[in-house]
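# Topology and contacts: notes
Listed here are the chains, written in short residue letters.
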Amino acid sequence: MINRIKEIKKQLGDDLLILAHHYQRDEIVELADAVGDSLKLAQIAEENKKAKYIVFCGVHFMAETADILSEDYQRVFLPERTSGCPMADMADRKSAEKAWDIITKELGESIVPITYINSKAEVKAFCGVHDGTTVTSGNAEKVVKWGFSVKDKILFLPDQNLGKNTAAALGVDEKYMALYDQHTEKLTYVCKPEEVKMILWNGYCHVHHNITEEKVREARNENPDARIIVHPECKHEIVKMCDGSGSTTYLIKAVENSDKNTKWVIGTEYNLVQRLKEKFTDREIKILDEESICTNMNKTTLENLCETLEDILKGDYSKQITVDRQTAEEAVKALDTMLSLS
Ligand code: 13P
Ligand code: SF4
């Protein structure tokens, strides 16, 4: 299958671009034309004007984003259509519009909506129409700073952890952060309404949210001279206990730029940590929680990648991901603001 994929890649040349997120399996990463975090992959999708076929080895929201940012003559494919992101599914446009009504009535109009790129296209569109933007873990501080420069408050969707970690890093005290529950449609906060700075949607990524304080304590006890670094989708309590946090690129660079014999404990998806372990055998690298596995990222296999490429050759576009024109036009406003800030 690897040979067949290579053959098709050669045959299609520049007409084909295979993108892979850092959480993909090794065999997929090896066959990709570019590997990166969500920000880098979105930038590549926007910049590449040659490829007629972009095969996105990642999850659904990433392929949607690539479709929005690419040209009309470019088609985006997801090797396994059911590779979703449970966190992205925790917010939709209807609940976001409802929240907007409730929150603006209660806290006033000076609010800008910012959605993590790990969200549905329709939520990005919601942010676009309300003059908001998107954000990734790779540019979170810059984008949130921008948010506070244009409005008094930010509505941050759907990841409460990235929102809280970023606001805290910018000096916002937790008492000025509110939590919005889309199921009960309730806004909870402890300060005065006018003092609220950050309104967090109550979504989360189970892969990172489930990492416990106990795991960090254990890692510290067992590896006292290791640096513990995590993805900012982890809870704020976890980030505070660790030595650093950042995007998948940040986590990779931290190890890459470190000296031989250094020790690392990393809290993020298994495939990425395992690859670092295999690449940097002169450092000691451990995963913080063995259970940090994103089943959706792991759904891309040699089989469905090969099948996608065979389908493309046959003109069968059943694995294509498309965003309707109106949603795309609204979402691109939000994405463009982010890209211009990055
Ligand atoms: P990055 O943008 O840091 O690559 O993270 C994407 C993601 O899905 C993390 O769970
Ligand atoms: Fe979504 Fe979490 Fe998987 Fe990233 S790791 S794709 S946020 S479920």
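In case you missed it, the structure is sitting above this.
Rules and cut-offs
- Residues numbered from 1 in each chain as written.
- Chains lettered and ligands numbered in written order.
- Predicted model: local features only at pLDDT ≥ 70, side-chain atom pairs only at ≥ 80, totals over all residues.
- Heavy atoms only, no water.
- Near = heavy atom within 4 Å.
- 1 Å grid on protein atoms, 1.4 Å probe; cavity = no way out; pocket = protein on both sides within 12 Å on 5 of 7 lines; lining within 4 Å.
- Sits in = over half its atoms within 2 Å of the grid points.
- Nonpolar A, V, L, I, M, F, W, Y, C, P; charged D, E, K, R; others polar.
- Polar contact = N/O pair within 3.5 Å; in protein donor to acceptor, adjacent residues only side chain to side chain.
- Areas by Shrake-Rupley, 256 points an atom, 1.4 Å probe, with all protein chains shown as cover.
- Pairing = 2+ DSSP bridges.
- Helix = DSSP H or I, 4+ residues; strand = E, 2+ residues; numbered from the N terminus.
- Axes fitted to C-alpha atoms, helices over the stretch in contact; angles between N-to-C directions.
- Points joined across faces, edges and corners; volume = space filled by probe spheres on them.
- Expected span 1.5 Å × (residues − 1).
- Buried < 20%, exposed > 50% of the residue type's maximum accessible area, 1.4 Å probe, protein only.
- Arc of directions from axis to C-beta.
- Core = buried A, V, L, I, M, F, W, Y, C linked by side-chain atoms within 4.5 Å.
- Contact = heavy atoms within 4.5 Å.
- Salt bridge = Lys/Arg side-chain N within 4 Å of Asp/Glu carboxyl O.
- Right-handed = clockwise from strand over helix to strand, strands pointing away.

## Focus on the site of ligand 2
- Around ligand 2, the neighbouring residues are Tyr23, Val59, Cys85, Pro86, Met87, Asn118, Cys205, Glu233, Cys294 and Met297.
- Put simply, ligand 2 lies in the largest cavity.
- Looking at the shell around ligand 2 residue by residue, the class counts come to eight nonpolar, one polar and one charged.

## Digging into the site of ligand 1
- If you check the shell around ligand 1, you find His21, Tyr23, Asp37, Ser38, Asn118, Ser137, His208, His231, Glu233, Ser247 and Thr248 and nothing else.
- Take His231: an N or O atom from its side chain is 2.8 Å from an oxygen atom of ligand 1.
- Contacts to ligand 1 include Glu233, whose side-chain N or O atom sits 2.8 Å from an oxygen atom.
- Protein chains shield 96% of the accessible area of ligand 1, which is 300 Å² for the free molecule.
- Under a 2 Å grid-point criterion requiring more than half of the atoms, the pocket assigned to ligand 1 is the largest cavity.
- In the shell around ligand 1, the residues fall into one nonpolar, eight polar and two charged.

## A word on the sheet that holds strand S9 (residues 186-188)
- The strand order across the open sheet formed by six strands is S6-S5-S7-S10-S8-S9, and the pairing between neighbours is mixed. Because the sheet does not close on itself, it has two edges, and the strands there are strand S6 (133-135) and S9. Pairwise comparison of adjacent strand axes, ignoring direction, gives a mean angle of 25 degrees for this sheet.
- Direction of pairing for strand S7 (residues 153-157) relative to strand S10 (residues 198-201): parallel, over a ladder of three bridges. Bridge assignment links Ile154 to a residue of S10, and that residue is Met198.

## Here we look at empty space enclosed by the protein
- Tallied over the entire structure, the rule returns two cavities of 30 Å³ or more.
- One number sums up the size of the largest cavity: a volume of about 240 Å³.
- As for the largest cavity, its lining consists of 25 residues, and the residues nearest its centre are Tyr23, Phe61, Asn118, Glu233 and Met297.
- At the level of elements, helix H4 (60-69) and helix H9 (206-209) are the ones that each hand at least two residues to the lining of the largest cavity.
- Among the elements that line the lining of the largest cavity, the one with the most residues is H9, at three residues.

## Some details on helix H5 (residues 93-107)
- For H5, with 15 residues, the first-to-last C-alpha span of 20 Å sits near the 21 Å given by 1.5 Å per residue.
- For H5, the set of buried residues is Ser95, Ala96, Ala99, Trp100, Ile103, Thr104 and Leu107. Along the axis of H5, the buried residues cluster in a sector spanning 155 degrees; they form a single face. Opposite the buried face of H5, by more than 90 degrees, sit the exposed residues Lys94 and Lys105.

## Points about the nonpolar core
- Formed by 67 residues in total, the largest nonpolar core has its most connected members in Leu19, Phe56, Phe156, Met198, Ile266, Leu276 and Ile285.
- Ranked by residue count, the leading element in this core is H4, at six residues.
- With near-sequence residues (within four places) excluded, Ile266 lies in contact with Ile229, Leu251, Val255, Val273, Leu276, Ile285, Lys286, Ile287 and Leu288.
- In terms of nonpolar packing, the next biggest core, distinct from the first, is built from 20 residues, Ala96, Ile103, Ala178 and Cys191 among them.

## Here's the deal with the pattern of salt bridges
- Inspection of every chain in the model, using the stated rule, returns 23 salt bridges.
- For Glu7, the salt bridge is made with Arg4, and the minimal N-O distance between the two is 2.7 Å. Taken together, the residues span about one helical turn, with Glu7 and Arg4 both in helix H1 (residues 2-12) at a distance of three residues.
- For Glu7, a relative accessible area of 47% corresponds to the partly exposed category.
- Its salt-bridge partner being Lys263, residue Asp225 comes within 3.5 Å of it at the nearest N-O pair. Residue Asp225 is located in the loop between helix H10 (213-222) and strand S11 (227-230), and its partner Lys263 is located in strand S13 (residues 263-267); the two are separated by 38 residues in the primary sequence.
- Put simply, Arg4, Glu7 and Glu310 are held in one network by salt bridges that share partners.

## Re the pairing of strand S5 (residues 111-116)
- Across the six residues that make up S5, a large majority, six, are buried.
- Of the two faces of S5, the one carrying Ile111, Pro113 and Thr115 and the one carrying Val112, Ile114 and Tyr116 are both buried.
- Where S5 lies against S7, five bridges are found, and the strand directions are parallel. Bridge pairing links Pro113 to Leu155 in S7.
- Relative to S6, S5 runs parallel, the two being bridged by three bridges. Bridge assignment links Tyr116 to a residue of S6, and that residue is Val135.
- Note on the crossover from S5 through helix H6 (residues 121-129) to S6: the handedness is right-handed.

## Considerations on the pairing of S13
- For S13, the tally of buried residues reaches four of five residues, placing the bulk of the element in the interior.
- Of the pairings in the sheet, the one linking S11 to S13 comprises four bridges and is parallel in character. Counted as the bridge partner of Val230 is Gly267 from S13.
- Where S13 lies against strand S14 (residues 284-287), four bridges are found, and the strand directions are parallel. Each bridged residue has a counterpart across the sheet, and for Trp264 the counterpart in S14 is Ile285.
- Handedness of the β-α-β unit built from S13, helix H13 (residues 270-279) and S14 comes out right-handed.

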